[in-house]
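Examination of the molecular architecture
Spelled out from the first residue to the last, the chains are:
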Amino acid sequence: MLRVLRIFVQSLFILIAMVAASLYFLYFRRAPLPAAPPHALVAPAISTIPGLAACWIETGKTFSNFSFGSTAGSILVRHPAGDLLIDTGNSSHFAEEISVYPFWTRLKLKSLAGELNPKVPLPDLLRRRSIDEDLAKVRWVILSHVHLDHAGGLMDLPQMPVLLTREELQFANDPEAQAKGFTIAAHTQKFPPASAPTLKFDATPYETFDESIDLYKDGSVVVVPLRGHTPGSVGIFVNLSPTRRLFYVGDAVDDERGFEERVGKSLILQDSDNDMALANQITGRLSELHEKVPGLAIIPAHGRSAYKKFFPGGPLTCVSGQ
Ligand SMILES: [Zn+2]
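Cut-offs and rules
- Residue positions are counted from 1 within each chain, in the order its sequence is given.
- Only residues with pLDDT of at least 70 get local features here, since the model is predicted, and only at 80 or more are side-chain atom pairs given and counted; chain-wide, interface and lining totals rely on the full set of residues.
- The side-chain numbers reported here are obtained from all heavy atoms of the structure, hydrogens and water having been left aside.
- Put plainly, a pocket is an open set of points on a 1 Å grid over the protein atoms alone with protein on both sides within 12 Å along at least five of seven lines, a cavity is a set where a 1.4 Å probe fits but cannot get out, and a lining residue has an atom within 4 Å of a point.
- Grid points are joined across faces, edges and corners, and a volume is the space filled by probe spheres set on the points.
- The numbering of helices and of strands both runs from the N terminus, where a helix is a DSSP run of H or I of at least 4 residues and a strand a run of E of at least 2.
- Charged means Asp, Glu, Lys or Arg here, nonpolar means Ala, Val, Leu, Ile, Met, Phe, Trp, Tyr, Cys or Pro, and polar covers whatever is left, Gly included.
- Working definition: with a 1.4 Å probe on protein chains only, accessible area under 20% of the residue-type maximum means buried, over 50% means exposed, and in between means partly exposed.
- The criterion for strand pairing is that DSSP finds at least two bridges linking the strands in question.
- Each metal's donors comprise the N, O and S atoms found within 2.8 Å of it (within 3.2 Å for Na, K or Ca). Water is not part of the atom list, so some coordination spheres may appear incomplete.
- Each label reflects the angles at the metal, where four donors whose angles all fall between 85 and 135 degrees are tetrahedral, four or six donors whose opposite pairs open beyond 155 degrees and whose other angles stay between 65 and 115 are square planar or octahedral respectively, and the rest are irregular.
- Within this document, salt bridges are pairs made up of a side-chain nitrogen of Lys or Arg and a carboxyl oxygen of Asp or Glu, the two lying within 4 Å of each other.

**Let's talk about the layout of surface pockets**
Considered as a void within the structure, the largest pocket measures approximately 1,100 Å³ in volume. Along the walls of the largest pocket sit 40 residues, with Tyr27, Ser70, Leu112, Ile268 and Leu269 positioned nearest its centre. At the level of secondary structure, the elements contributing two or more residues to the lining of the largest pocket comprise helix H1 (2–28), helix H3 (103–111), helix H5 (148–151), helix H8 (256–260), helix H9 (267–270) and helix H11 (304–310). Sorting elements by how many residues they give to the lining of the largest pocket places H1 first, with four residues. Its residues assigned to classes, the lining of the largest pocket comprises 15 nonpolar, 11 polar and 14 charged. Taken as a whole, the second largest pocket spans an internal volume of roughly 290 Å³. Lining of the second largest pocket is provided by 16 residues; of these, Arg227, Leu278, Gln281, Ile282 and Arg285 occupy positions nearest its centre. The biggest single contributor to the lining of the second largest pocket is helix H10 (residues 276–292), with six residues. Of the residues contributing to the lining of the second largest pocket, the split by class is nine nonpolar, three polar and four charged.

**Comments concerning the environment of Asp124**
Within the element layout of this structure, Asp124 appears in helix H4 (residues 122–127). Distance from Asp124 to Leu157, taken between C-alpha atoms, is 9.8 Å for residues 33 residues apart in sequence.

**Here's the deal with the pairing of strand E4 (residues 138–142)**
With respect to burial, E4 is a largely interior element, four of its five residues being buried. With four bridges connecting them, strand E3 (residues 83–86) and E4 associate as parallel partners. Note on E4: the bridge partner recorded for Leu84 is Trp140. Bridging between E4 and strand E5 (residues 162–163) involves two bridges; their strand directions are parallel. Note on E5: the bridge partner recorded for Val141 is Val162.

**Thoughts on the coordination of the zinc ion**
Protein coordination at the zinc ion comes from Asp149 (OD), His150 (NE2), Asp251 (OD) and His302 (NE2), with a distance range of 2.1 to 2.2 Å. Considering all four donor atoms around the zinc ion, the spread of angles at the metal, 84 to 156 degrees, places the coordination shape in the irregular class. In the primary structure, the donors to the zinc ion are separated according to the pattern D-H-x100-D-x50-H.

**Some thoughts on empty space enclosed by the protein**
Overall, the coordinates contain one cavity of 30 Å³ or more when judged by the stated rule. A volume near 40 Å³ is recorded for the largest cavity. Elements represented by at least two residues in the lining of the largest cavity include exactly strand E2 (70–78) and H5. In terms of residue count, the dominant contributor to the lining of the largest cavity is E2 (three residues).

**Quick look at the pattern of salt bridges**
For the structure shown, the criterion picks out 13 salt bridges. Close ionic contact of Arg30 with Asp255 constitutes a salt bridge, the shortest N to O distance being 3.0 Å. Of this pair, Arg30 sits in the loop between H1 and strand E1 (53–62) while Asp255 sits in the loop between strand E9 (245–248) and H8, placing them 225 residues apart in sequence. For the residue pair Arg30 and Asp255, the accessibility class agrees, reading buried in each case. Where Glu207 meets Arg245, a salt bridge forms, and the shortest distance between an N and an O atom there is 2.8 Å. Of this pair, Glu207 sits in the loop between helix H7 (175–180) and strand E6 (213–214) while Arg245 sits in strand E9; the two residues are 38 residues apart in sequence, bridging distant segments of the chain.

Below, the structure written as structure tokens:
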């Protein structure tokens, strides 16, 4: 009897050690990356615009009680000249949309992006009392990139103008990207047609970037290229006041460790980078920016702890510059 118990305890111990080791190798272990070549900093002049606010609309989350917890959803920017939704999280029809894929692709999509599926669809969250957003006020949706866990929520929204770069629009329609399930053919119906005008960067340096677009022409929302994770990934600065600023970087990094420790993506997510060398360079540049502008809140799309710091009230709350 004692022998059986000993074998049981030993097997349990081995099993726990194996699970811990796989978690470590798949998720927690990150490769250190080289520093980016030093880049001149062009600090913008920022004014506080009355009525400007940012709201955290979380549609999905995992491990929310832990510091490494993930999130997905949208950031709503309220602007007097019309609101902006940044990313949209997963579609509430995720399961149907991926049903066309072979078993192993479906399993992978379900166990990674699918873990962040919305419990409540995005438009219903926007209508909640604490947010009380009128969808008619949304002027644009901007996507950090077109991967399914960022573009899917568009399927729950009425047709809206979607801001994308030319490269990203082409990537969304790329049969190879669609075959891997990174982008979903059904989502392209919500994107502008291939011939439509796309986001074009001006040769205006901004912080440590050489190109930028000032979306409202008032310095409140500035978009910069972050090519690497996908060919047309972008990052979005939201400047609520000179001291309250966020920089939403999509999936350029997994979480804050990316730019704080200057490390690459976890093994489990490396495969999602379209061009890993370029993506790693971007991480180096974000780490440089973090050192040079420590007051700027860099928010990775899935880095829940970064949201919690910028939005101390938690999901479904707003922060303004005043
Ligand atoms: Zn993502």
